[in-house]
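Take a look at the letters that make up each chain.
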Amino acid sequence: MASQRLAIWNAEEDLEEDVDINLALDAYGQEMQYDDSQIPQPQIDESTLIAVQQHMAQQAAFQQIPDAVKSFIVHFHQAVLDNNLAEITVAYESGWNKFTEKYYARTEWPEAELIAPLVNDDPIFLILYRELYYRHVYSRLQPNIDDRFHSYENSCELFNYLLNSDGPVQLELPEQWLWDIIDEFIYQYQVFCTWRSKVTTKTQDELMMLAEGGPVWSSYSVLNVLYSLMQKSKINEYIIATREGKSPEEIAEIVGEYGQRPLYRMLGYFSIIGLLRVHVHLGDFTLALKVMENVELNQKSPFTRVTACHVATYYYVGFCYIMLRRYPDAIRSFVTILNFIMRMRQYHTRSYQYDQINKTADRMYALFAICSALSPSRMDDNIANIAKERYGEQYAKMSRGGPEALPAFEELFTYACPKFITANPPPYEDPAAISALLEAANDPESPAQPSPQTDSTRRHLDLFLADVAAQLQVPTLRSFLKLYTSLGAKKLANFLDADEEELVQEMMVLKQASRSISRVAGSEGTSLLEGQVVTTSDLSFVIDENMVHIAESTVGRRYAGWFIKNTERAQKILDDLKNMPLPVSTKVHGGVSNATPASEPATQNRQTRSTGPKVAWGGVKVAA
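Since this is a predicted model, take the numbers as computed values, not measurements.

*Asks:* An account of the overall build of the protein chain is needed here, citing residue identities and associated values.
*Replies:* Helices and strands together make up the secondary structure of the protein chain, namely 29 helices and nine strands. Nonlocal contacts in the protein chain, meaning residues at least 24 apart in sequence, comprise 69% of its contacts between residues at least 6 apart. In the structure as shown, the protein chain presents an accessible area of about 36500 Å², 53% of it carried by carbon and sulfur atoms.

So, in structure tokens, the structure goes:
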């Protein structure tokens, strides 16, 4: 056994001598370089990486939202879910504006995707939130082309939800919000059309997007939405049935399930006002008033519940009357709404639309001055005085007539008219036509071409000034006629430095200017287009055998209104005096003043007053 063991150890020694250890271990333990090139790397899709980055950015942005804003959005969403009209109204009219001023006065609100987790991804609330979001962008910031396209898509989603759902939607919104939805929808359409018409200011990306945009903010789509809301709510049938005094059961049967819902009824009603506005912007003033044929202009109409809608309705109706040369009706419209604004001014200060209402009122004062110069008549003294204070120089020039009047008319009309738009966009889908327009604009030798929006305003201005230019000699002729009861035609022609034929033409212009179609008393409930020919001037004349016979009818001043107004003022002063506290009488004893209420006079004071002559209230002495 020992010999065998020895042999084995001898064999191991031989192996150690014959085998190269380095070859066996392959340089084990020596310094090595780790090569990871052979290990396959995980492949991350680019879209996945972008999504991860966006998610991380959204999380960071979500953390930046103030906790107060998060709580407000949660509360707002719950109010919409519960159809709690009172809470929705407070959140919409107060909360949204308060947080806008505090956190987002110069920046955007969080995007809808950021606040979606707070509202459990409620699609309806997110649509309403985007409507507020884009309205804030348009009013406080400068929208880019993505904002313009996305706001249109959101509007389409909102109206598709309201019009194409299975039956009426179970949603309640305050009337102010419903009007703002229609008003903002039309405003964004108007702004887009104005922006779209300016070809030279577009980048290549914007030109491509407009070429591929299709019917984005097209006039057809906007009109289709407004007419669809009218038809779905059957608002015209509702107005007629209400005017005829039908019972609630009969009205419900007439208007159907949609017309019974306040949401659809008010949207339909506001759509009528919206169509009035759109047709005015497009320049069709007759159709604008035709749409309003069932709406009564009085204080009981539903549009008076929303002040902004009330003011806008009278402004556009009055402007339509101006363009149709019905100046008495225009004056009546402006006087009615301007008196309302003056009476309710203290309440407007609490409205977030206070500035917009004041701007519209200022434009109506300018239009009132234009109408007063073209059709002078007895009018409201308060409104006339305010208009003369604001536009006294222009009003004096327009009233005098002559060559100085035309620039004054142009200045006030350009300032006070609506922002007209062109329904047809530039040919963005035709690259050759767009290139030709850009080359013509960049060519210094070619005449400058006005934008379609400017050209549209200029077209309506020229039509208005053409009618005004024909009446420039009317104020001068009227001033001469008021000096006489009869006058020779030749003598009058010499006064005007014209021949007799020109004089006859100018007198016919004066005769035409003193007549107008106007709504008369008792025409309530009829179309705004209906009316009778009335005489608007207090001066009448006839021409008989080269003699001009003048008859001036003077209208006596109406003292009743003045007397009632000053009586009420005197009564108010008397009531204030009666409610004032009684004076306090003072009595000095040894240099110390003791106040004694006049209602509890001391005995000594009473004795003092009882002596001496008695004096009546008028200062007349009476016997003791």
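*Asks:* Account for the pattern of salt bridges, naming residues and giving values.
*Replies:* For the structure shown, the criterion picks out 19 salt bridges. Residue Arg 458 pairs with Glu 410 through a salt bridge whose shortest N-O separation is 3.0 Å. Highlighted residues: Arg 458 in helix α24 (residues 452–469) and Glu 410 in helix α22 (residues 405–416), separated in sequence by 48 residues. Of the residues examined, Arg 458 reaches a relative accessible area of 38% and is grouped as partly exposed. What makes Glu 410 partly exposed here is its relative accessible area of 28%. Asp 462 is the partner of Arg 458 in a salt bridge, and the nearest nitrogen-oxygen pair spans 3.1 Å. Of the two residues, Arg 458 and Asp 462 are both situated in helix α24; the distance of four residues between them amounts to about one turn of the helix. When salt bridges with common partners are traced through the structure, they connect Glu 131, Arg 135 and Asp 180 into a single cluster.

*Asks:* Now, about helix α4 (residues 67–82): what can you tell me, with residues and values included?
*Replies:* A rise of 1.5 Å per residue sets the reference length of α4, with its 16 residues, at 22 Å; its end C-alpha atoms lie 23 Å apart and thus fit the reference within 8%. Those residues of α4 not exposed but buried are Val 69, Lys 70, Phe 72, Ile 73, Phe 76, His 77, Ala 79 and Val 80. At the exit of α4 stands Asn 83, carrying a positive phi of roughly 55 degrees.

*Asks:* Explain a negative patch on the surface to me, and be specific about the residues and the numbers.
*Replies:* On the surface, Asp 499, Glu 500, Glu 501 and Glu 502 cluster together into a negatively charged patch. You can see Glu 500 is positioned in helix α27 (residues 500–513). With a relative accessible area of 36%, Glu 500 lands in the partly exposed category.

*Asks:* Just give me the short version of a nonpolar patch on the surface, but keep the residues and values in it.
*Replies:* Among the surface-exposed residues, Val 504, Met 508 and Ile 543 lie close enough to one another that they form a single nonpolar patch of about 240 Å² accessible area. Structurally, Ile 543 is set in strand β4 (residues 539–544). By relative accessible area, Ile 543 is classed as partly exposed at 39%.

*Asks:* How would you sum up the packing of helix α19 (residues 354–374) against α22? Please name residues and give values.
*Replies:* Running from amino to carboxyl end, α19 crosses α22 at an angle of 145 degrees, the nearest separation of the two axes being 9 Å. The two elements α19 and α22 cross, and the hand of that crossing is left-handed. Where α19 approaches α22, its residues Asp 362, Arg 363, Ala 366, Leu 367, Ala 369, Ile 370, Ala 373 and Leu 374 are matched on the opposing element by Phe 409, Leu 412, Phe 413, Tyr 415 and Ala 416. Here the contact of α19 with α22 is built from residues that sort into eleven nonpolar, no polar and two charged.

*Asks:* I'd like to hear about the packing of helix α8 (residues 145–164) against helix α11 (residues 219–233), residue by residue, with values.
*Replies:* Axis separation between α8 and α11 bottoms out at 11 Å; the angle between their running directions is 20 degrees. Regarding the angle of α8 to α11, the classification is roughly parallel. In terms of crossing hand, the pair formed by α8 and α11 is left-handed. Residue-level inspection shows Tyr 152, Phe 159 and Leu 163 of α8 in contact with α11, the latter providing Ser 221, Val 225, Ser 228, Leu 229 and Lys 232.

*Asks:* I'd like a description of the nonpolar core, backed by residues and values.
*Replies:* Within the largest apolar cluster, 142 residues are counted, with the highest numbers of intra-cluster contacts made by Phe 76, Phe 409 and Phe 464. Here the element with the most residues in this core is helix α16 (residues 307–323); it accounts for 13 residues. Once residues within four sequence positions are removed from consideration, Phe 76 is found in contact with Ile 88, Ala 91, Tyr 92, Phe 125, Leu 132 and Trp 177.

*Asks:* Outline the side chain of Ser 221, supporting the account with residue identities and numerical values.
*Replies:* Topologically, Ser 221 is positioned in helix α11. Here Ser 218 takes part through its backbone oxygen, which lies 2.7 Å from a polar atom of the side chain of Ser 221. If sequence neighbours within four positions are ignored, Ser 221 has contacts with Tyr 152 and Pro 215.

*Asks:* Before we move on, could you go through the side chain of Arg 363 and cite the residues and values that matter?
*Replies:* Mapped onto the elements, Arg 363 comes out in helix α19. Although Arg 363 is buried, it makes no salt bridge; Asp 362 carries the closest opposite charge, 8.1 Å away. Apart from the residues lying within four places of it in its own chain, the contact partners of Arg 363 are Tyr 315, Tyr 415, Ala 416, Cys 417, Pro 418 and Lys 419.

What counts, and where the lines are drawn
- Residues numbered from 1 in each chain as written.
- Predicted model: local features only at pLDDT ≥ 70, side-chain atom pairs only at ≥ 80, totals over all residues.
- Heavy atoms only, no water.
- Helix = DSSP H or I, 4+ residues; strand = E, 2+ residues; numbered from the N terminus.
- Contact = heavy atoms within 4.5 Å.
- Areas by Shrake-Rupley, 256 points an atom, 1.4 Å probe, with all protein chains shown as cover.
- Salt bridge = Lys/Arg side-chain N within 4 Å of Asp/Glu carboxyl O.
- Buried < 20%, exposed > 50% of the residue type's maximum accessible area, 1.4 Å probe, protein only.
- Expected span 1.5 Å × (residues − 1).
- Patch = residues over 30% accessible without salt bridge, like charges linked within 9 Å, V, L, I, M, F, W, Y side chains within 5 Å.
- Lys, Arg positive; Asp, Glu negative; His and termini not counted.
- Charge placed at Lys NZ, Arg CZ, Asp CG, Glu CD.
- Axes fitted to C-alpha atoms, helices over the stretch in contact; angles between N-to-C directions.
- Left-handed = near helix turned anticlockwise from the far one by under 90°.
- Nonpolar A, V, L, I, M, F, W, Y, C, P; charged D, E, K, R; others polar.
- Parallel < 35°, antiparallel > 145°, perpendicular 65-115°, else oblique.
- Core = buried A, V, L, I, M, F, W, Y, C linked by side-chain atoms within 4.5 Å.
- Polar contact = N/O pair within 3.5 Å; in protein donor to acceptor, adjacent residues only side chain to side chain.

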